[in-house]
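Overview (structure and organization)
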Amino acid sequence: MVDAGKLFSILITTLLVENFVLVKFLGCCPFLGVSKKTDTALAMGMAVTFVMALASAMSWLVNEYILVPFHLEYLQTIAFILVIAALVQIVEMAIMKLSPPLYSSLGIYLPLITTNCAVLGVAILNVQKSYNFLESLVSGIAAALSFTLAIWLFAGVRERLETSNIPSFMKGMPIALVSAGLIAMAFLGFSGMKL
Amino acid sequence: MKAFFKKMFAENPVFVLLLGMCPTLGTSTSVINGLGMGLSATAVLICSNLFISILRKFIPAKIRIASYIVIIAGFVTAVDMALKAYLPEISASLGVFIPLIVVNCIILARAESFASKNTPGKSAIDGLCMGLGFTAALVILSAIRELLGNGTLLGFPVLGSSYPPAIMMILPPGGFIVLGVVLGVINLMRTRGGAKNG
């Protein structure tokens, strides 16, 4: 029943070969916006991982048990975005009650996650690839980890860029984008891997 | 008219406000894709701005973001289905980025900062300007990428067979690098222009 080989291949493929941010361009807004410092980038990555794992599980359940039986597949986009928005709200309230210190460190990033297109993207891709429940869950977690990996590496590069000597017109976003391109180029090296 | 151009270029959502990065990078691999994405987003932007503006007095402030998202998602679904029916090729090549218009920051940002405070007519025009600005940015980026990466424009060969295409430009890294360089050039032009005027 549980095909460990397939789960492993989903994990590696989503994490490295088809990295969500650097190869598929999902989740670029927080990738560029919240990557000035490594520790905030890591916190953002954690928050996204949490929400994305829950969101891919929930959206799979909604799709399988509500949309498909009633032939409402065309409502997919609306249903998923509502699930994600509600989930983010619940997670925010739960963290606020259960762990105030975690809330104060993650708090500001949580509302941003609703509009992180990687979350909706992974939910839609899971349905397109007709994954089962476990596969969806693993692909959600792997996608979130790939986001965390990319944003963390990128924040490390940006911290060094702060102090380096670059032409004034390239300062800030332009040089950040070019270095993101170089990181993406490194990730292209994985593209030959077939699992 | 002046305000129209000001919105399209001086407040260009991609080059100036840095909103909507995912579709910008993800779909600017060829001019056709860029144009398709830009026009789909424009259609959603005009409709959602118009509707949110009409309903702005009825939507309670506390749940406004959720209401905006539902309105936007409705129009995105309509555009998605229309593209699948009439332009299946473009729909296939844009893939997951069409449903992802829902979470495009440009649309939510305009709903929150413009349509919720202005009359329906003005909001629709704002949607048109912002949408065309987004489309213009996508077309510029995708033209550069298609020309360098494939030697073609809109599918027609331009640079001839002696030009070896730099495939890197249509692969993901090219997207980041071209956008970075274009932003740098815009900065350069702005500082030069500012120096001349001052």
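Look a little higher up for the structure.
First, a word on scope: everything that follows refers to the structure included in this document.

Cut-offs applied
Residues numbered from 1 in each chain as written. Chains lettered and ligands numbered in written order. Predicted model: local features only at pLDDT ≥ 70, side-chain atom pairs only at ≥ 80, totals over all residues. Heavy atoms only, no water. Contact = heavy atoms within 4.5 Å. Buried area = accessible area lost by both parts, 1.4 Å probe. Salt bridge = Lys/Arg side-chain N within 4 Å of Asp/Glu carboxyl O. Polar contact = N/O pair within 3.5 Å; in protein donor to acceptor, adjacent residues only side chain to side chain. Helix = DSSP H or I, 4+ residues; strand = E, 2+ residues; numbered from the N terminus. Nonpolar A, V, L, I, M, F, W, Y, C, P; charged D, E, K, R; others polar. Axes fitted to C-alpha atoms, helices over the stretch in contact; angles between N-to-C directions. Parallel < 35°, antiparallel > 145°, perpendicular 65-115°, else oblique. Left-handed = near helix turned anticlockwise from the far one by under 90°. Core = buried A, V, L, I, M, F, W, Y, C linked by side-chain atoms within 4.5 Å. Buried < 20%, exposed > 50% of the residue type's maximum accessible area, 1.4 Å probe, protein only. Patch = residues over 30% accessible without salt bridge, like charges linked within 9 Å, V, L, I, M, F, W, Y side chains within 5 Å. Areas by Shrake-Rupley, 256 points an atom, 1.4 Å probe, with all protein chains shown as cover.

A few words now on the interface of chain A and chain B. Each partner contributes to the interface: chain A provides 35 residues, whereas chain B provides 33 residues. Summed over the three residues of chain A that lose the most area to chain B, namely Phe25, Phe169 and Leu177 of chain A, the buried surface amounts to 21% of that side. Our count for the contact surface shared by chain A and chain B stands at 0 salt bridges. Inspection of the chain A/chain B interface yields 1 residue pair in polar contact (both at pLDDT 80 or more). Mapped by element, the contributors of at least two residues to the side of chain A that touches chain B are α2 (28-33), α4 (76-98), α7 (117-128) and α9 (173-188) of chain A. Among the elements that make up the side of chain A that touches chain B, the one with the highest residue count is α9 of chain A (9 residues). Residue composition of the side of chain A that touches chain B, grouped by class: 27 nonpolar, 6 polar and 2 charged.

Before going further, it helps to spend a moment on the pattern of salt bridges. All names here are of chain B. A full pass over the atoms with the stated rule returns 5 salt bridges over all chains. Linking Glu112 and Arg64 is a salt bridge whose minimum nitrogen-to-oxygen distance equals 2.9 Å. Of this pair, Glu112 sits in helix α6 (residues 105-115) while Arg64 sits in helix α4 (residues 64-86), and the two are 48 residues apart along the sequence.

Before going further, it helps to examine the packing of α6 of chain B against helix α7 (residues 120-150) of chain B. All names here are of chain B. Where α6 meets α7, the axes come as close as 11 Å, and the angle between the chain directions of the two elements is 150°. When the interaxial angle is binned, α6 and α7 end up roughly antiparallel. Crossing handedness for the pair α6 and α7: right-handed. Along its contact with α6, which presents Ile106, Arg110, Phe114 and Ala115, the element α7 presents Lys122, Ser123, Asp126, Met130 and Phe134. Class assignment of the residues belonging to the contact of α6 with α7 gives a composition of 5 nonpolar, 1 polar and 3 charged.

Here the focus is the nonpolar core. Within the largest apolar cluster, 97 residues are counted, with the highest numbers of intra-cluster contacts made by Phe31, Ile113 and Leu120 of chain A together with Phe176 and Leu179 of chain B. Broken down by element, the residue count for this core peaks at 10 residues, all from α4 of chain A. If near-sequence neighbours (up to four positions away) are discounted, Phe176 of chain B is found in contact with Val21, Leu22, Phe25, Phe31, Leu177, Val178, Ala180, Gly181 and Ala184 of chain A together with Leu25 of chain B.

A word on the side chain of Ser123 of chain B. All names here are of chain B. Of note, Ser123 is situated in helix α7. According to the relative accessible area criterion, Ser123 is buried, its value standing at 0%. Aside from chain neighbours lying at most four places away, what touches Ser123 is Asn49, Ser53, Phe114, Ala115 and Asn118.

All names here are of chain A. A contiguous nonpolar surface patch, about 670 Å² in accessible area, is contributed by Met58, Leu61, Tyr65, Ile66, Phe70, Phe133 and Leu134. Of all the secondary structure elements, the ones that give two or more residues to the nonpolar patch are α3 (38-67) and α8 (133-163). Broken down by element, the nonpolar patch gets its largest block of residues, 4 residues, from α3. As for its placement among the helices and strands, Phe70 is situated in the loop between α3 and α4.

Interpretation note: all reported values are geometric properties and have no functional meaning in isolation.
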